[in-house]
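Next come the chains, spelled out residue by residue.
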Amino acid sequence: MGQQSPFFSIIVPTYNRPEQLAACLQSLACLDYPRDRFEVIVVDDGGVVRLDDVVADSNHGINVTLLYQPHAGPGVARNFGARRAKGEFLAYTGDDCTPAPDWLRALASRFAMTPDCALGGKILCALPDNHYSTASHLLIDYLYSYYNASPNAARFFTPNNLAFPTDRFNAFGGFDAMFVRGTGEDRELCARWLQHGYRMVYAAEVVVSHTHVLTFGTFCRQHFNYGRGTWQYRQTQAQKETGRIILEPLRFYFNLLRYPLSQSRDGNKVRLTLLMSVAQAANAAGFFWEKKVSNK
Amino acid sequence: MQHAQPSFSIIIPTYNRPRELATCLTALTRLNYRRDCFEVIVVDDGSAVLPEAVVAPFHNQLNICLLQQSNTGPSAARNTGAAQAKGQILAFTDDDCAPAPEWLQTLAARFATAPDPVMVGGRTLNALSDNLYATASQLIVEVGYIYHNADPNRARFFTSNNLALPTDRFHALGKFDTTFGTAASEDRELCGRWLHHGYRMIYAPEAMVYHAHTLTWRTFWRQHFNYGCGAFRLQQVRLRDGWQLFTPDPRYYLRLLRYPFTQIRSPQALILASLLFVSQTASAVGMVSEWAQQRRKKTIVSGKG
């Protein structure tokens, strides 16, 4: 029962986003946590932009290591970082994210009470004026409220704000490498983690802001890719279990479209509901696209 | 870890908690330990409905049996289970607990390396961090562990929902004392007796069990009231056996009230510290009421004589 703060390895997979990465590292340099009790591992997932300067530049007295891998998706990059991690705990975030200054402190006090759990925190939208980003976040909020209704028996986290005990994560095998596009690998990991009898705890006080600038085009593509990931995820589940693809109950989709009405400001409600419908359509299109492609 | 796997008997007393029991048994199906190296013994302590239906689906996943006794308290139920145990090591947990997948593996590793005879106690974690009363109760156990088990190789106190010891030693020692009934402290008494024999206790924080005991204001109070009753009876047992009485250490209480502030951020810590104060009051009231009750009984007996 040491009084010393636990050692964290923060892992940031990145792909061709040097500016966002610089902002992310900037925020990590502002963490209110002893400098000698965490390291940052940036994993370049085969991007074309050299990141040495970005990493060196943002090195404000924090220990940053840059790793490189040929492009294989963020899941593989996160696993690579985990194997090099020296910390007792892994804390994952994205290159377009900025964790709150008390991020590691909040994680540490949670791990003090449940040291063998996966911990997922809250993800805030840093671009409230971008309707597409707001709609994407609303979708994540909805998924969290649906799957994590009981915070001590949570079922779904995205890897932008997710932490694990290092030993258990590595022994468990990490993220599945088949999800190259970085959609669906989080759901697969969460399902497998729970299947092992391990726990997931949602910690709302562990906060990360997400700055993902979206346009109508990228918004549609994002949800199209989510759909493709969903199909791949359902495939892996079907192989393991019944052989049948299982969808959520209809209530899930109905409440999803109603969600913006309960959450957002008046003027935005209609627009957000419309965008959620577009997202669902793109998602369905992606789902069936992937089905067609992989059946060939 | 190349040690041979010792065989375990997991003993679970249960009383009117079918839903919790199902969660507990589900957790046991996920233990990463050879299936032929552990058995599960559920002892029903006279529930209104015998949990046969709860246990039945687990027969094809676990080597499990269900025993039945009339309602005489968890200690008696643990002894009933232990009497039937075929494993080399008894591992005790409760129906409202869910051991982590590595539970038996980590316990086995400790038994393999520690000099015999040894009792190994794991770490109990609160599975209900959004229930303030459950959090407060767990904090008290944690402070107790920090205080009594400061040296993990010379531990002095384990709770009965996460402790393991060799089956033969348990029987030779004389099992759990059943005079405590619902008043807890039977675990403290067992640990005291174990140490009195000169045996060793090792604290193994890596052997984790999640405890999901939903508490309300009333059940929180009653729980700590019962702990107080148990503490009073424990003193009497020590007195009867000619042992040194347990003297309260003010440093312990100070540490207890300060503990939430070192663990949790401010607003909740204050509430928790107040709850810890309430728990200690409940315990004190429990002790006094137990003393008064026994005095009254004595007066009646001597009045008759």
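Enquirer: How should the overall build of chain A be read in this particular structure?
Expert: What chain A contains, in helices and strands, is 10 helices and 8 strands. Against the 2.2 N^0.38 benchmark of 19 Å for 296 residues, chain A shows a C-alpha radius of gyration of 19 Å, consistent with a compact globule. Oriented by its inertia axes, the alpha-carbon framework of chain A measures out at about 50 × 40 × 40 Å. When burial is assessed residue by residue, chain A has 54% of its 296 residues classed as buried. Accessible area for chain A stands at about 13,100 Å²; split by element, carbon and sulfur atoms hold 56% of it. Between the averaged position of the 30 positive side-chain charges in chain A and that of its 26 negative side-chain charges there is a distance of 9 Å.

Enquirer: Whenever I open this one, the pairing of strand 8 (residues 200-211) of chain B confuses me. Can you help?
Expert: Moving residue by residue along a regular strand, the side chains alternate between the two faces of the sheet. All names here are of chain B. Strand 8 sits mainly inside the fold: 9 of its 12 residues count as buried. Sheet analysis places strand 5 (residues 97-99) next to strand 8, joined by 3 bridges and oriented antiparallel. Residue pairing in the sheet places A98 in a bridge with Y210 of strand 8. Relative to strand 8, strand 6 (residues 118-126) runs parallel, the two being bridged by 9 bridges.

Enquirer: Explain the environment of D36 of chain B here, please?
Expert: Among the structural elements, D36 of chain B can be located in the loop between helix 1 (18-29) and strand 2 (38-45). Linking D36 of chain B and N63 of chain B, residues 27 residues apart in sequence, is a C-alpha distance of 7.7 Å.

Enquirer: Just to check I follow, could you spell out the packing of aromatic side chains for this structure?
Expert: Aromatic rings in a pair are described by how distant their centres are and how their planes are angled relative to each other. Residue and element names in this part refer to chain A. Using the criterion set out here, one finds 40 aromatic pairs over all chains in the structure. Aromatic pair Y92 and F169: ring centres 5.7 Å apart, planes at 55°, arrangement tilted. Separated by 77 residues along the polypeptide, Y92 in strand 4 (residues 89-93) and F169 in helix 6 (residues 166-172) bring together distant segments of the chain. Residues Y92 and F169 agree in their burial class; the two are buried. One aromatic cluster is present, formed by Y142, Y144, Y146, Y147, F156, F157, Y202, F252, Y253 and Y259 through successive ring pairs. If you follow R78 out to its NZ or CZ, it ends over the ring of F175, 4.8 Å from the centre. A cation sits over an aromatic face here: R168 above Y198, 3.7 Å from the ring centre.

Enquirer: Whenever I open this one, helix 3 (residues 74-84) of chain A confuses me. Can you help?
Expert: Residue and element names in this part refer to chain A. Buried residues dominate helix 3, accounting for 8 of its 11 residues. Among all positions of helix 3, only P74, G75, A77, R78, N79, F80, G81 and A82 are buried. Buried-residue contacts for helix 3 involve strand 1 (8-14), strand 2 (38-45), strand 3 (64-69), strand 4, helix 6 and helix 7 (185-195).

Enquirer: Looking at this model, I keep getting lost on the interface of chain B and chain A. Mind explaining?
Expert: Size of an interface: often given as the accessible area lost when the parts come together. With 19 residues of chain B at the interface, the matching set in chain A holds 22 residues. For the pairing of chain B and chain A, the buried interface totals around 1,700 Å² over both sides, and the portion due to carbon and sulfur atoms is 48%. On inspection of chain B and its partner chain A, the count reaches 1 salt bridge. A salt bridge links R168 of chain A to E102 of chain B; the shortest N-O distance between them is 2.5 Å. Inspection of the region where chain B meets chain A yields 6 residue pairs in polar contact (both at pLDDT 80 or more).

Enquirer: Looking at this structure, how should I read the pairing of strand 2 of chain A?
Expert: All names here are of chain A. Burial within strand 2 is extensive, with 8 of its 8 residues counted as buried. Of the two faces of strand 2, the one lined by F38, V40, V42 and D44 and the one lined by E39, I41, V43 and D45 are each fully buried. Assessed by its sense of winding, the connection that carries the chain from strand 1 through helix 1 (residues 18-29) to strand 2 is right-handed. Strand direction decides the pairing type here: strand 2 and strand 3, joined by 6 bridges, are parallel. What sits directly across from V42, in strand 3, is L66.

Enquirer: Just checking my understanding: could you explain the side chain of E39 of chain B for this structure?
Expert: Residue and element names in this part refer to chain B. Structurally, E39 is set in strand 2. A polar atom in the side chain of E39 sits 2.5 Å from the side chain of S9. What E39 contacts, discounting residues up to four positions off in sequence, is F8, S9, I10, N63, Q84, A85, K86 and G87.

Enquirer: How should the sheet that holds strand 6 (residues 118-125) of chain A be read in this particular structure?
Expert: Two strands in a sheet stick together by hydrogen bonds in their backbones, pointing the same way (parallel) or opposite ways (antiparallel). Residue and element names in this part refer to chain A. Overall, mixed pairing links the 8 strands, which are arranged 3-2-1-4-7-6-8-5 in an open sheet. Only two strands of the sheet have a single partner each, and these edge strands are strand 3 and strand 5 (97-99). When the angles between neighbouring strand axes are averaged without regard to direction, this sheet yields 30°. For strand 6 and strand 8 (residues 200-210), the ladder comprises 8 bridges, and the chain directions are parallel. Looking at the pairing, K122 lines up with V207 of strand 8. With respect to the sheet, helix 4 (residues 103-113) is in contact with strand 1, strand 2, strand 4, strand 5, strand 6, strand 7 (161-165) and strand 8, its orientation differing from that of strand 8 by roughly 175°.

The rules we used
Residues numbered from 1 in each chain as written. Chains lettered and ligands numbered in written order. Predicted model: local features only at pLDDT ≥ 70, side-chain atom pairs only at ≥ 80, totals over all residues. Heavy atoms only, no water. Helix = DSSP H or I, 4+ residues; strand = E, 2+ residues; numbered from the N terminus. Rg over C-alpha atoms; globule rule 2.2 N^0.38 Å. Buried < 20%, exposed > 50% of the residue type's maximum accessible area, 1.4 Å probe, protein only. Areas by Shrake-Rupley, 256 points an atom, 1.4 Å probe, with all protein chains shown as cover. Lys, Arg positive; Asp, Glu negative; His and termini not counted. Charge placed at Lys NZ, Arg CZ, Asp CG, Glu CD. Pairing = 2+ DSSP bridges. Phe/Tyr/Trp six-rings, centres within 6.5 Å; stacked < 30°, edge-to-face > 60°. Lys NZ or Arg CZ within 6 Å of the ring centre and 35° of its normal. Contact = heavy atoms within 4.5 Å. Buried area = accessible area lost by both parts, 1.4 Å probe. Salt bridge = Lys/Arg side-chain N within 4 Å of Asp/Glu carboxyl O. Polar contact = N/O pair within 3.5 Å; in protein donor to acceptor, adjacent residues only side chain to side chain. Right-handed = clockwise from strand over helix to strand, strands pointing away. Axes fitted to C-alpha atoms, helices over the stretch in contact; angles between N-to-C directions.

Remember, this is a structural readout, not a statement about activity or role.
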